[in-house]
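Now for the letters of each chain:
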Amino acid sequence: MRRGRRLPLEQLQPYLLQVPPPSRDAALSKPADSAPLRWPDLFGNDHPVEIEIGFGKGLFLINAAQAHPQVNYLGVEIERKYVLFTATRLAKRGFTNVKLACCDARGFLSQCVATDSVHAIHVFFPDPWWKNRHRKRRLVTADFAAQCARALKRHGRLHLVSDVAEYFAETQEMLARISDLNALPMSELPAPEVADRYLTNFERKYRMEGRPIFRSLHAKK
Ligand SMILES: C[S@@+](CC[C@H](N)C(=O)[O-])C[C@H]1O[C@@H](n2cnc3c(N)ncnc32)[C@H](O)[C@@H]1O
């Protein structure tokens, strides 16, 4: 990642959400113990809200926010360097429909996002964390899947993309157990027709490596 081009923090503030740190003992499936965010207060309008979790360098957020100015996008990313990098890209383009939260998305969903309030949740290439001792860092767990289902509005979509067959299969089993969700038929992410129109930076990297890419879409009943 190129450093040094980041805008001063004051110019990034309009994009940065002040998130209360999730309480350490909060079980992911526990109801929020502080008031959830109110989207109209955050975005200044009542447009639909979509959340991207683990947005990395922000390619999807930037393209989606540009293509759909009537949709509000909230990115949640645990790494501050990516949050500041993406906030700089957003500020340089002057977007007004994107906010970024720097925190663990698992606590964020359970504590800050109201039930039935989100039109879509996107999770692209979540880290597989292969080693047993790192497994607890995995994003998509049964609790996380249940939190996504809770947060989505009726007919809201959960969009998941991964290059890791085993992890992807596990996520599909977890999602299948959630009675509120319906799987929509879709197994593969089509390669972009134009070479530089990738969904995310990781999609570009993995396509170049020739890896298969798996995709699922679930809708809340
Ligand atoms: C493999 S990268 C994919 C980045 C981006 N989605 C893409 O496709 O280019 C996974 C991203 O998820 C972020 N991440 C991992 N665990 C997270 C969590 N619990 N909450 C929020 N972000 C997380 C990582 O910091 C990283 O940016």
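Residues numbered from 1 in each chain as written. Predicted model: local features only at pLDDT ≥ 70, side-chain atom pairs only at ≥ 80, totals over all residues. Heavy atoms only, no water.

### Things to note about the nonpolar core
What counts is decided by this rule: Here, the term nonpolar core denotes a set of buried Ala, Val, Leu, Ile, Met, Phe, Trp, Tyr and Cys residues that are joined through side-chain atoms within 4.5 Å. A simple rule labels every residue: compare its accessible area, found with a 1.4 Å probe on the protein chains alone, to the largest value its type can have, and call it buried under 20%, exposed over 50%, or partly exposed in between. The contact definition used throughout considers only heavy atoms, calling two residues in contact when any of these lie within 4.5 Å.
Ranked by internal contacts, the top residues of the largest apolar core, which has 37 residues, are I53, F108, I121 and V123. Filtering out sequence-adjacent residues up to four positions away, I121 remains in contact with I51, I53, C148, A151, L152, R157, L158 and H159. Core analysis: the second largest hydrophobic core is formed by 26 residues, L12, A65, L90 and F124 among them.

### Considerations on the site of the ligand
The cut-off we apply is this: Nearness of a residue to a molecule or strand requires only that one of the residue's heavy atoms be within 4 Å of it. Distance and chemistry together define a polar contact, namely a pair of N or O atoms within 3.5 Å, with one atom able to donate a hydrogen and the other to accept it when in protein, and with adjacent residues in sequence counting only for side-chain atoms on both sides. Per-residue and other accessible areas were derived by the Shrake-Rupley procedure at a 1.4 Å probe size, with only the shown protein chains allowed to occlude residues. A run of DSSP states H or I qualifies as a helix once it reaches four residues; a run of E qualifies as a strand once it reaches two. Both are numbered from the N-terminal end. In this count, Pro and Cys sit with the nonpolar residues alongside Ala, Val, Leu, Ile, Met, Phe, Trp and Tyr, while Asp, Glu, Lys and Arg are called charged and the others, Gly among them, polar.
With respect to spatial proximity, 18 residues lie near the ligand, and among them G54, E77, A105, F124 and T200 are the closest. Between the ligand and E77, the relevant distance is 2.5 Å, taken from an oxygen atom to a side-chain nitrogen or oxygen of the residue. At 2.7 Å from an oxygen atom of the ligand is found a side-chain nitrogen or oxygen belonging to T200. With the chains in place, 92% of the 600 Å² that the ligand exposes on its own is no longer accessible. Among the secondary structure elements, those contributing two or more residues to the shell around the ligand are β3 (72-77) and α8 (201-208). Residue classes in the shell around the ligand are distributed as ten nonpolar, four polar and four charged.

### Re the side chain of Q172
Mapped onto the elements, Q172 comes out in helix α7 (residues 165-176). A distance of 3.1 Å separates polar atoms of two side chains, one belonging to Q172 and the other to T171. Of the polar contacts made by the side chain of Q172, one reaches the side chain of S216; its length is 3.0 Å. Dropping the residues within four chain positions of it, Q172 is found in contact with L160, S216 and H218.

### What about the packing of aromatic side chains?
Applicable threshold: To pair, rings of Phe, Tyr and Trp, with the six-membered ring standing in for Trp, must have centres within 6.5 Å; the planes then decide the type, stacked if under 30 degrees apart, edge-to-face if over 60, and tilted in the middle. The rule is short: NZ of Lys or CZ of Arg within 6 Å of the ring centre and within 35 degrees of the ring normal puts a charge over the ring.
Counted by the stated rule, this structure contains five aromatic pairs. Here F60 and F124 contribute two aromatic rings whose centre-to-centre distance is 4.9 Å and whose plane-to-plane angle is 75°, an arrangement assigned as edge-to-face. Of the two residues, F60 sits in helix α3 (residues 59-67) while F124 sits in strand β5 (residues 118-124), which places them 64 residues apart along the sequence. For F60, a relative accessible area of 11% puts it in the buried group. In this structure F124 comes out as buried when scored by relative accessible area, which is 4%. Relative to Y206, the ring of F202 has its centre 5.5 Å away and its plane inclined at 65°; by these criteria the two rings are edge-to-face. With a gap of four residues between them, F202 and Y206 both fall in helix α8, about one helical turn apart. Through a chain of ring-to-ring contacts, three or more aromatic side chains come together here, namely F60, Y73 and F124. If you follow R137 out to its NZ or CZ, it ends over the ring of W129, 4.7 Å from the centre.

### Brief notes about the sheet that holds strand β8 (residues 214-220)
Going by this rule: We treat two strands as partners when DSSP finds at least two bridges between them. Here an angle of 0 to 180 degrees is reported between the N-to-C directions of two axes, which are lines fitted to C-alpha atoms, with helices fitted over the stretch in contact.
Ordered in space as β1-β4-β3-β2-β5-β6-β8-β7, the eight strands form an open sheet in which the pairing is mixed. Of all the strands in the sheet, just β1 (16-17) and β7 (181-184) have a single pairing partner and so form its edges. By the bridge criterion, four bridges tie β7 to β8 in an arrangement that is antiparallel. Within the sheet, the bridge partner assigned to A183 lies in β8 and is H218. Running over the sheet, helix α5 (residues 105-112) touches β1, β2 (49-53), β3 and β4 (98-102) and is turned about 130° from β3.

### Quick look at the pairing of β2
Rules: If you view a crossover with the strands going away from you and the path from the first strand over the helix to the second runs clockwise, you call it right-handed.
Counting buried positions along β2 gives five out of five residues, so the element sits mostly inside the fold. Side chains V49, I51 and I53 project from β2 onto one buried face, and the interleaved E50 and E52 project onto a second face that is buried too. As defined by bridge partners, β2 adjoins β3 across five bridges and the pair is classed as parallel. Within β3, the residue paired with E52 across the bridge is G75. Note on the crossover from β2 through α3 to β3: the handedness is right-handed. Pairing analysis gives four bridges linking β2 to β5, with the strands arranged parallel. The partner of E52 across the bridge, within β5, is H122.

### Some points on the pattern of salt bridges
As a reminder of what qualifies: By salt bridge we mean one thing: a side-chain nitrogen of Lys or Arg within 4 Å of a carboxyl oxygen of Asp or Glu.
Here the structure, examined in full by the defined rule, presents nine salt bridges. Across the salt bridge formed by R38 and D41, the nearest N and O atoms sit 3.0 Å from each other. D104 is the salt-bridge partner of R106, the closest N and O atoms lying 2.8 Å from each other. Residue R106 is classed as buried on the basis of its relative accessible area, which comes to 18%. Exposure remark for D104: the relative accessible area of 23% places this residue in the partly exposed category. Connected through shared salt-bridge partners, D163, K205, E209 and R211 make up one network.

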